[in-house]
Amino acid sequence: MSSNSESQKSTGLHIGVAAPGVKKVDPILVIDSVKKSFGGLTAVDVEHLEIPRGAITALIGPNGAGKTTLFNLLTGFDNPDTGAWSFEGKQLAGISSFKVAKMGQVRTFQLTKALSLLTVLENMKLGAKNQTGEKLLNSLFPFLWRKQDNELEVKAMELLRRFKLDAKKDDFAASLSGGQRKLLEMARALMTDPVLVMLDEPMAGVNPALTQSLLEHVLNLKKEGMTVLFVEHDMHMVRHIADWVIVMAEGKVVAEGAPDTVMKEQAVIDAYLGAHQDTDLGVVTGRIKVISEEGK
Amino acid sequence: MDWGSILNNTLAGLLTPTILAFALATLGLAMHFGFAGLLNFGIAGFMAVGAYGYAISVLTFGLPWWAGMIMGVAASVVFALIMGIPTLRLRGDYLAIVTIAAAEILRLLFLTTAFEPVTGSADGLFGYNNSGGFAEANPFPVGDYGWGPWTYNEQTLWMLVFGLIVLAVATLLLWALMRSPWGRVVKGIREDEDAVRALGKNVFAYKMQALIIGGVFGALGGIVLATSTNVSPGVYVTSLTFFLWTALLLGGAATIFGPVLGSIIFWVLQAFLTNILPALAESGILPVSGIQAATLRYVLVGIGLMLIVIYRPQGIFGDKREMTFVK
Ligand SMILES: Nc1ncnc2c1ncn2[C@@H]1O[C@H](COP(=O)(O)OP(=O)(O)OP(=O)(O)O)[C@@H](O)[C@H]1O
Ligand SMILES: [Mg+2]
């Protein structure tokens, strides 16, 4: 199994030495000096970051590292204090969130957003883009959109089967369990045929057996040509499917590289495994150093 | 007590131009709140815009009745845009505050003597149905129609038929919209607008469309009301808005026929209480005076609204399953 997935790993994504902000051979998303603070707290402060196209990139870091905030900024759900970023060469700063999604950069939320009083199937169909019947005037004439709607239903059912939600298709999304809602949100995002899909903790609360099949599914997304960027605390998942790992702490990118090498970096081990309590993660950001030196 | 006349009055209340007008406005609220999740507490303002738009167009600008009605509808579109543009980007509660304030401002503008030549101030406007040709357009010959409590002269019949046609078209339109993918997006926005945004839909545009459509229904309600009574600022008060909300919640906010049936039930009940409470007071069964008895019905309406919201938040015609999930 693991050897199988190892062979699926994309390599040769970067140019030069793997370090924070390293250039990528074919970046889909390029971020430049994006900064966001809430009051006195700097939640995100990324100098330069490139996300490789056609690969699975994991964004990891301790709680409060700024991962979700970075997602919000990149997708137009929040505005940075400064900074610019481009998606497939198009500048995205100041573009509203729905336009970003329309371009094919689609996200899910850490706090799941199921549309409670819509059925599971309606949730799915809502995800699809360019629906004729979503225009006000067209909507009055079913013959204009019926065929497309039926096709969407077929597509939605296919995805639902893969996510083991097909039996629930006529239930309100409100009746799903927490994990099922996560799955529904991910499946719904896939209905948009995204170019870049950004998943915020997709596996949180999903049972291990299903995680396994979902990992396969994420790997399939890559095969289909999609780029995946996901936030995850589950290191097994990161190691298993990520081609590239970006580590954030206190708003900054502190390390990036292929999973096996990055996971061995001291700072990352400290952040996640707590094995070396004596080196504070703050050292990596260069903030705590001063204090610990003072202490000596 | 004269049970015969109480029953007769109540049954007659089942079908009046007023009920049709209120049903239209409630349908507008269903679009706003039930389907799009927009908290509009200014539906009486939309009705006023429709009614005054029609009457002023005819009386001041000399337009024929149908053009005046179109003007009333157009004015409600403008009213929706004025309120929606600044508030629809904000959280839902802001729309509630702005709509309630806008409806009041509007009513006071119609009431003030500053524009008396146009608005008629406290006296309101009348005579437009004759001068605009609405009365003349009546296709029914002189005579009495119907039977029992539902006996109408040709004029009332024309108002009823006109109101029924408008209501039927509006209901059909709402049904067609809400079963379509457009309706799916709007319902999605009601549930969580950020989730819908993340799927690439222009949430602001959809909310604006929903606000305009519901507002037009409200204006049509005002117009239908204006065909049967004078246009008077005393009608379009905030309490009317809350009666419409009660009718909406009674029938079921997120349903097509709920708002219509809710309106009928609500106003028939009102007619019944208006008749029976003073009668009960007179015959000494209720220990209050006749005037107190008349106001008692408002107390009962308030209690009724509370009971619905607590025990049956999805309304009489709402989906049972929704009950479990109402937040
Ligand atoms: N709206 C906000 N207002 C104020 N502070 C905020 C806001 N959103 C995030 N923060 C702060 O920004 C920091 C980064 O938060 P963020 O949600 O991005 O962390 P995260 O990396 O996603 O963490 P987790 O792994 O727990 O999800 C935190 O310290 C948080 O308190
Ligand atoms: Mg987060």
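Residue indices follow the written sequence of each chain, beginning from 1 at its first position. Lettering of chains starts at A and numbering of ligands starts at 1, both following the order in which they are written. The predicted origin of the model limits local features to residues at a pLDDT of at least 70 and limits the giving and counting of side-chain atom pairs to 80 or more, whereas totals for whole chains, interfaces and linings rest on all residues. Hydrogen atoms and water are omitted, and side-chain values are computed over all heavy atoms in the structure.

Residue and element names in this part refer to chain A. Those donors, Thr68 (OG1) and Gln110 (OE1), are the protein atoms that reach the magnesium ion (ligand 2), and they lie 1.9 to 2.1 Å from it. Residue Thr68 is found in helix H2 (residues 67-74), and its partner Gln110 is found in the loop between strand S6 (105-107) and helix H4 (120-127); the two are separated by 42 residues along the sequence. In this scheme, a residue with accessible area under 20% of its type's maximum is buried, one over 50% is exposed, and one in between is partly exposed, where area comes from a 1.4 Å probe on protein chains only. The exposure class assigned to Thr68 is partly exposed, which follows from its relative accessible area of 25%. Only N, O and S atoms count as donors, using a 2.8 Å limit from the metal and a wider 3.2 Å limit for Na, K and Ca, and since water is excluded some coordination spheres may look unfilled. Note on conventions: DSSP H or I runs of at least 4 residues are helices, E runs of at least 2 residues are strands, and numbering of each starts at the N terminus.

Take the confidence of the model for chain B next. What pLDDT expresses is the predictor's confidence in each residue, scored from 0 to 100. Within chain B, residue pLDDT values average 91, and 97% of them lie at 70 or more. Scored as a whole, the predicted complex attains pTM 0.90, and scored at its interfaces, ipTM 0.87.

Take unusual backbone geometry next. Even without being a glycine, Glu201 of chain A presents a positive backbone phi close to 50°. Since its relative accessible area comes to 10%, Glu201 of chain A is described here as buried. For Ser121 of chain B, which is not glycine, the phi torsion reads 50° and is therefore positive. Ser121 of chain B gets classed as buried once you look at its relative accessible area, which sits at 5%.

Planes of paired rings set the category: under 30 degrees apart is stacked, over 60 is edge-to-face and the rest tilted, where pairs are Phe, Tyr or Trp rings (Trp by its six-membered ring) whose centres lie within 6.5 Å. In total, this model carries 21 aromatic pairs over all chains according to the counting rule given. Taken together, a centroid distance of 6.0 Å and an interplanar angle of 50° make the contact between Phe141 of chain A and Phe143 of chain A tilted. For Phe141 of chain A, a relative accessible area of 41% translates into the label partly exposed. Grouping aromatic residues by their ring pairs yields a cluster made of Phe22, Phe243, Phe266, Trp267 and Tyr298 of chain B.

Now for the site of ligand 1. Residues and elements named next belong to chain A. In the vicinity of ligand 1 there are 14 residues, among which Asn63, Lys67, Thr68, Thr69 and Gln110 approach most closely. The term polar contact refers here to a pair of N or O atoms within 3.5 Å; inside protein, the definition further demands a hydrogen-donor-capable atom paired with an acceptor-capable atom, and it admits residues adjacent in sequence only when both atoms are side-chain atoms. Within the backbone of Ala65, one N or O atom sits 3.1 Å away from an oxygen atom of ligand 1. Here an oxygen atom of ligand 1 and a side-chain polar atom of Lys67 are 2.7 Å apart. Per-residue and other accessible areas were derived by the Shrake-Rupley procedure at a 1.4 Å probe size, with only the shown protein chains allowed to occlude residues. When the free accessible area of ligand 1 is taken as 630 Å², the share hidden by the protein chains comes to 62%. When contributions to the shell around ligand 1 are tallied by element, the ones reaching two or more residues are strand S2 (41-52) and H2. Proximity is defined per residue: any heavy atom of the residue falling within 4 Å of a molecule or strand makes that residue near it.

Here we take up the environment of Gly64 of chain A. Assignment of secondary structure puts Gly64 of chain A in the loop between strand S3 (56-60) and H2. Spatially, the C-alpha atom of Gly64 of chain A lies 12 Å from that of His233 of chain A, the residues being 169 residues apart in sequence.

This paragraph deals with the nonpolar core. Counting 92 residues, the largest nonpolar core has Met31, Tyr54, Trp182, Val231, Tyr236, Leu244 and Trp267 of chain B as its most contacted members. For this core, the element with the most residues is helix H11 (residues 203-228) of chain B, which contributes 14 residues. Apart from the residues lying within four places of it in its own chain, the contact partners of Val231 of chain B are Ala51, Tyr52, Ala55, Asp123, Gly124, Leu125, Tyr128, Ala226 and Tyr236 of chain B. Throughout, nonpolar core names a set of buried Ala, Val, Leu, Ile, Met, Phe, Trp, Tyr and Cys residues whose side chains join them through atoms within 4.5 Å. Within the second largest apolar cluster, 49 residues are counted, among which are Leu159, Leu165, Leu184 and Val218 of chain A. Only heavy atoms enter the contact rule, under which two residues are in contact if any of them lie within 4.5 Å.

Attention shifts here to the side chain of Gln270 of chain B. Residue and element names in this part refer to chain B. With respect to the element layout, Gln270 can be found in helix H13 (residues 258-282). Taking relative accessible area as the criterion, Gln270 reaches 5% and is therefore assigned buried. Sequence-distant contacts of Gln270, defined by excluding residues within four places in its chain, comprise Phe243, Arg297 and Val301.

With that settled, the discussion passes to the interface of chain A and chain B. Taken together, the contact pairs 38 residues of chain A with 30 residues of chain B. Every case where a carboxyl oxygen of Asp or Glu lies within 4 Å of a side-chain nitrogen of Lys or Arg is listed as a salt bridge. The interface formed by chain A and chain B contains three salt bridges. One salt bridge in this structure joins Arg184 of chain B and Asp149 of chain A, with 3.0 Å as the shortest N-O distance. Summed over the shared surface of chain A and chain B, the result is nine residue pairs in polar contact (both at pLDDT 80 or more). Residues were grouped as follows: Ala, Val, Leu, Ile, Met, Phe, Trp, Tyr, Cys and Pro as nonpolar; Asp, Glu, Lys and Arg as charged; and all remaining residues, including Gly, as polar. For the side of chain A that touches chain B, the residue count by class is 17 nonpolar, eight polar and 13 charged.

Over its 21 residues, helix H6 (residues 142-162) of chain A extends 29 Å from the first C-alpha to the last, a length consistent with the 30 Å expected when each residue adds 1.5 Å. Within the sequence span of H6 of chain A, burial applies to Pro142, Trp145, Asp149, Leu152, Ala156, Met157, Leu159 and Leu160 of chain A. The buried residues of H6 of chain A occupy an angular sector of 155° when the element is viewed end-on, so they sit on one face. In H6 of chain A, those exposed residues whose orientation departs by more than 90 degrees from the buried face are Phe143, Lys147 and Val154 of chain A. Tucked inside the fold, the buried residues of H6 of chain A contact H4, helix H5 (136-139), helix H7 (178-190) and helix H8 (208-223) of chain A together with helix H9 (181-191) of chain B. Trailing H6 of chain A by a residue or two, Lys164 of chain A shows a phi angle of about 55°, which is positive. A helix is expected to span 1.5 Å multiplied by its residue count minus one. Here, the arc refers to the directions that run from the helix axis to the C-beta atoms.

Within the element layout of this structure, Arg107 of chain B appears in helix H5 (residues 92-111). Dropping the residues within four chain positions of it, Arg107 of chain B is found in contact with Pro233, Tyr236 and Val237 of chain B.

Next up on the list: the sheet that holds S2 of chain A. All names here are of chain A. Here, a strand pair is defined by DSSP locating no fewer than two bridges between the strands. With antiparallel pairing, four strands are arranged side by side in an open sheet as S2-S1-S4-S5. With partners counted over all chains shown, the strands left at the sheet margins are S2 and strand S5 (90-91), one partner each. In the sheet, strand S1 (residues 27-38) pairs with strand S4 (residues 82-87) via five bridges, with the strands oriented antiparallel. Each bridged residue has a counterpart across the sheet, and for Ile31 the counterpart in S4 is Trp85.

Looking now at H7 of chain A. When the terminal C-alpha atoms of H7 of chain A are compared, their 19 Å separation across 13 residues agrees well with the 18 Å that a helix rising 1.5 Å per residue should span. For H7 of chain A, a buried count of 10 out of 13 residues is recorded, marking the element as mostly surrounded by other parts of the structure. Those residues of H7 of chain A that fall on the buried side of the exposure criterion are Gly179, Lys182, Leu183, Leu184, Glu185, Met186, Ala187, Arg188, Ala189 and Leu190 of chain A. Against the buried residues of H7 of chain A lie S6, H4, H6, strand S7 (196-200) and H8 of chain A together with helix H10 (193-197) of chain B.

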